[in-house]
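Chain by chain, the residues:
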Amino acid sequence: MDRAEERQRPTPLIGRARELDLLHGFLGRAAEGGAALVLTGDAGVGRTALLDTAARAAAAGGARVLRAAGTESEADVDNAGLNQLLLPVLGVLRSLSDAQRGVLEVSLGLRAGAPADRLVVSTAVLTALRELAVEAPVVLVVDDLQWLDRESVRAVGFVARRLVGARIGVLAASRMGPLDAPPLAGIPTHEVQPLPDGAAEELLRIRSPTLAAGVRRRVLAAAQGSPLALVELPAALSGPQQRAVAALPEVLPLGGRLRARLAARMSSLPAGTRHLLLMSALDGTGDLGVLRAAAPDEGWLDALGPAERAQLVAVDVAGRTLSWRHPLVAAATVELATSGERRRAHRALADVLTDSPERRGRHLAEAAVGADQEAADLLDQAAHRALHTGDGVHAVTGLLRAADLSPDGPDRARRLAEAAYLGADVAGELYRVPELLRRARSADPAAGESLQTAVAAAYHLLNTDGDVDHAHAVLVRAIEAALRDGGGAAELEDALHSLLVVCHFSGRAETWQPLDAAVDRLRGQVGPVLAAAARTLGDPAASTADDLGRLDEVIDGLDRETDPARIVRTGIAAFYVDRLDDCREALERVAADGRRGGAVASAVQALMMLCHEAFGAGRWDDARRSAREGVELGEASGYRLVSLPGVYCLALLAAVEGDAEAARRQTDQMVAWARPRGARAVEHFAHRVAGLSALGRGDPEEAYRQAVAISPPGALAAHVPVALGVGMDLVEAAVHTGRHAAAAGHVAAMQGSAVFGLRPRLALLAAGSAAMAAPEGAAVACFEQALAVPRADAYPFEFARVQLAYGEHLRRSRATGAARVQLTAACEAFARLGAAPWVARASQELRATGKPRDRGARDASVVLTPQEHEIAMLAATGLTNKQIGAQLYLSHRTVSAHLYRVFPKLGIASRAALRDALTQRPAVG
């Protein structure tokens with residue numbers, strides 16, 4: 001394609017590749033020998049945007065563009081469209097014969113005279129356009145052809161059918177229903193379809209990036225691929241409505257342009273028809289049986305006729321359904337009705353839906369003006385049914401509406417407190433907690449001591465400016481009161497699960513005492529997940545085979561579980577005892593539900609666990625994606641503490657990949673946020689990252705210092721679950737610094753914990769540590785035993801670390817050939833993962849065996865980490881460091897540091913050489 005042709009190609013529109021190719025071909029044919037095309041489609045589908053794109057492309061390609069647009073107010077004004085088209089080029093009339101010039105001057109209203117024959121006028125228009133096309137191609141662009149006056153339509157059609165040999169294009173657009181005839185018979189027509197789902201999501205994300213996920217889902221469902229609706233619907237929402245799906249009305253409000261377009265089609269309908277349409281829109285099922293039962297008279301079916309003829313609805317009497325041509329027509333029906341009309345319609349529907357409590361409650365609620373106890377009770381019941389099926393978002397919405405319909409008192413307070421709790425724990429609406437709790441206390445001062453109030457307050461404290469001890473005290477006080485006064489079992493278990501999370505983040509043994517006491521007191525009454533998690537999260541080193549057996553039974557049922565909160569709680573119980581791999585599918589379902597606007601808070605926690613599962617399994621790109629997504633979603637929803645495990649995962653990745661600056665920055669971020677709030681577990685995360693980073697760069701003294709800050713040598717600190725995963729780090733650092741007694745003591749502690757023999761990864765860590773600390777004569781057998789642990793190779797990083805240590809031992813023992821086998825395997829495994837510092841360690845050991853350097857081998861001097869490769873690829877496209885940083889959530893200084901390391905690895909000196917270097921030698925681990 002030459003430059004002129006490239007300039008002619010229309011500017012890309014989201015989801016319109018097919019139409020843009022069509023327009024590109026049309027413009028090419030028009031410039032060469034004439035072409036015509038009519039775009040049809042429903043209102044708001046994007047016809048005008050396509051016309052605008054084509055017009056810009058035609059003008060950029062050197063064509064003269066003449067535009068007109070039909071309007072309803074000028075539909076009866078003869079030649080109004082021709083006037084718009086030809087007024088900008090009146091000079092061309094001088095090149096016409098006197099007769100043709102006179103005909104056009106009269107037709108365009110430039111002078112008085114008798115109207116000429118249509119053929120004469122159309123021929124004069126064609127002649128004028130051909131004269132213009134001598135100098136440059138001419139493109140007529142006509143929008144809203146359905147409102148163009150009849151005489152102008154005839155003239156445009158006449159021209160469009162006589163373009164052979166002329167450099168003239170006729171491009172028109174018309175709204176057309178399924179029963180309409182084409183506006184220009186015989187002219188090629190293309191119906192513009194609504195945007196496909198992916199394109200609609202992309203457009204909405206670009207135009208309204210701050211919409212909450214649930215709100216985004218509602219907008220997408222209402223817009224049905226209409227670009228106009230995707231732009232207008234979010235703009236019509238208030239700030240609170242954009243942030244929380246629970247704040248949305250039953251029918252989304254329309255923007256000004258949508259309202260104006262749809263009102264014109266509704267206003268001509270009889271009042272009886274509009275009333276029936278309103279009831280159908282509010283019912284939302286399309287069930288003609290409901291409409292017949294609620295209709296005011298027997299002629300209801302005939303009354304729908306005008307709406308059918310206007311192509312607003314389709315009525316299927318045999319199938320007993322009414323379907324809307326577009327959901328926005330239903331929305332317009334509701335929005336254009338008065339509040340009194342809507343209440344009367346809701347009341348009529350409630351009266352006939354006596355066999356459906358949930359639907360009856362919804363309509364009673366909308367018909368109510370003040371408090372309505374029956375509606376409140378029905379909505380409360382429906383909310384709890386939604387909660388039991390895993391739909392926390394709808395449960396919150398129902399509870400809030402039920403509270404609005406309740407008079408002040410315990411019921412209203414309970415509903416507000418429960419909505420606050422569910423919003424914080426499941427739905428991702430943490431920001432609403434203070435206001436909802438204030439309203440609950442106002443309705444009933446005793447609500448301040450309820451379990452649900454305590455849980456909601458604790459979540460808010462943990463993730464904002466509160467601290468762990470305050471959140472812990474709030475929960476313990478409410479739990480002890482419930483145990484004393486006989487609180488509800490379900491609410492008590494929810495509160496204990498929340499206390500479990502608080503205790504975990506505290507990282508201190510004393511905080512677990514009230515939880516352990518409560519679980520012991522309720523022994524036999526608490527659910528299996530809580531019973532297991534109290535051990536496997538609280539003190540996993542003390543977990544027994546029976547504890548893990550009970551956990552396994554729960555995990556085995558996850559494929560049937562629908563409640564995202566229960567799935568997340570199971571994942572939390574499995575986190576430190578290496579059972580996350582069997583929770584993966586269920587956690588991915590929770591994450592997907594959150595992306596669709598479901599349980600956002602649960603999705604954040606699910607993503608935290610998924611990233612760590614992927615890290616352990618060696619799927620580091622997956623780990624990075626899940627961690628970034630979880631951190632972004634968590635921080636956007638206000639769940640800062642809950643999202644810190646994702647920052648922890650990103651820091652681990654930076655450490656093992658050799659990006660010391662990023663690892664340090666991320667650990668500093670964790671500690672700066674967690675230390676003032678007493679979240680010592682997060683400090684333990686930071687110590688583990690720093691220790692792993694030190695081991696990779698060959699600084700065992702620093703690695704030892706960081707490891708013993710988590711757990712002392714020779715002991716697995718109680719209630720510090722990170723200590724299980726850091727055991728091999730401590731032993732390796734101790735061995736390399738000559739602390740052999742400390743190493744042996746820690747191995748004994750690991751071997752003395754039953755949990756290390758119950759899961760493959762933990763067994764590998766214990767056996768690998770034992771081999772590293774083993775005396776000279778026993779080391780080989782111990783290393784062989786470690787590498788033979790069943791399924792140990794499912795954890796490639798730890799497995800390769802044991803191979804590296806084995807190879808180091810064999811080299812020191814002068815078993816050079818055997819050492820090379822282990823070291824080569826370790827080096828290749830580290831390279832596949834992208835663990836550059838560990839590649840360097842293994843390569844150095846290999847060279848020490850006397851093995852000649854393989855010219856094709858990828859050692860630390862050439863291997864790019866996945867993040868380095870991603871940054872290099874973006875830089876090769878021409879992005880600046882700031883632009884790259886914005887995409888990857890890095891500072892421009894970090895991007896610069898990465899590129900500083902990339903250039904020598906690729907053997908280049910500038911950004912200009914990046915593209916060729918990456919193509920010729922994609923050295924990525």
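Small disclaimer: the values here were computed from a predicted structure and weren't measured.

Quick look at the overall build of the chain now. Along its length, the chain carries 48 helices and 7 strands. On the principal axes, the C-alpha backbone points of the chain span a range of 115 × 75 × 45 Å. A total of about 38200 Å² of accessible surface is found on the chain, and carbon and sulfur atoms cover 51% of it. Across the chain, the mean location of the 103 positive side-chain charges is 5 Å away from that of the 109 negative side-chain charges.

Next up on the list: the pattern of salt bridges. Oppositely charged side chains are able to pair whenever their charged atoms sit close together. Under the criterion given, the structure shown has 53 salt bridges. A salt bridge links E588 to R584, with the shortest nitrogen-to-oxygen separation between them at 3.3 Å. Placement of the pair is E588 and R584 together in helix α31 (residues 584-595), with a separation of 4 residues, close to one helical turn. Judged by its relative accessible area of 30%, R584 falls in the partly exposed class. For E585, the salt bridge is made with R589, and the minimal N-O distance between the two is 3.1 Å. On the criterion of helical spacing, the pair formed by E585 and R589 is a turn pair, its members being 4 residues apart in helix α31. Exposure remark for E585: the relative accessible area of 45% places this residue in the partly exposed category. Given the relative accessible area of 30%, R589 is considered partly exposed.

For the rest of this paragraph, the subject is the pairing of strand β6 (residues 313-316). Regular strands place their side chains on alternate faces of the sheet. The alternating pattern of β6 places V313 and V315 on a buried face and A314 and D316 on a face that is not buried. Taken together, the 4 bridges between β6 and strand β7 (residues 321-324) define a ladder with antiparallel strand orientation. Note that in β7 the partner of D316 across the bridge is T321. Hairpin connection of β6 to β7: 4 residues between the antiparallel strands, including R320 at a positive phi of 55 degrees.

With that out of the way, let us pick up unusual backbone geometry. Positive phi, close to 50 degrees, is recorded for Q224, a residue that is not glycine. Here Q224 shows up in the loop between α9 (213-223) and α10 (227-235). Take Q224: its relative accessible area is 43%, and that puts it in the partly exposed class. In this structure, R320 takes a positive phi of about 55 degrees despite not being glycine. Owing to a relative accessible area of 42%, R320 belongs among the partly exposed residues under this scheme.

Tallied over the entire structure, the rule returns 8 aromatic pairs. One Lys or Arg, R677, reaches over the ring of W673 and ends 4.0 Å from the middle of that ring.

This part is about the sheet that holds strand β4 (residues 168-175). With parallel pairing, the 5 strands of this open sheet are ordered in space as β2-β3-β4-β1-β5. This sheet does not close on itself; its edge strands, each paired only once, are β2 (64-69) and β5 (189-191). Between one strand and the next, the sheet's axes are offset by a mean angle of 15 degrees, whatever the strand orientation. In terms of strand pairing, β2 meets strand β3 (residues 138-143) through 6 bridges, oriented parallel. By the bridge assignment for β3, L66 is matched with L140.

Since the α-helix turns once every 3.6 residues, residues separated by three or four places project in the same direction. Helix length check: helix α42 (residues 796-812) (17 residues) gives 24 Å between terminal C-alpha atoms against 24 Å at 1.5 Å per residue, within 8%. Trailing α42 by a residue or two, R814 shows a phi angle of about 65 degrees, which is positive.

L233 and F830 are the most contacted members of the largest nonpolar core, which has 236 residues in total. Looking at this core element by element, the count peaks at 13 residues for helix α34 (residues 640-657). Once you skip the residues sitting within four places of it in the chain, F830 turns out to touch F797, A800, R801, L804, A835, W838, V839 and A842. Judged by nonpolar contacts, the second largest core, of 40 residues, contains L86, V121, L129 and V156.

Reading guide: rules and limits
Residues numbered from 1 in each chain as written. Predicted model: local features only at pLDDT ≥ 70, side-chain atom pairs only at ≥ 80, totals over all residues. Heavy atoms only, no water. Helix = DSSP H or I, 4+ residues; strand = E, 2+ residues; numbered from the N terminus. Areas by Shrake-Rupley, 256 points an atom, 1.4 Å probe, with all protein chains shown as cover. Lys, Arg positive; Asp, Glu negative; His and termini not counted. Charge placed at Lys NZ, Arg CZ, Asp CG, Glu CD. Salt bridge = Lys/Arg side-chain N within 4 Å of Asp/Glu carboxyl O. Buried < 20%, exposed > 50% of the residue type's maximum accessible area, 1.4 Å probe, protein only. Pairing = 2+ DSSP bridges. Phe/Tyr/Trp six-rings, centres within 6.5 Å; stacked < 30°, edge-to-face > 60°. Lys NZ or Arg CZ within 6 Å of the ring centre and 35° of its normal. Axes fitted to C-alpha atoms, helices over the stretch in contact; angles between N-to-C directions. Expected span 1.5 Å × (residues − 1). Core = buried A, V, L, I, M, F, W, Y, C linked by side-chain atoms within 4.5 Å. Contact = heavy atoms within 4.5 Å.

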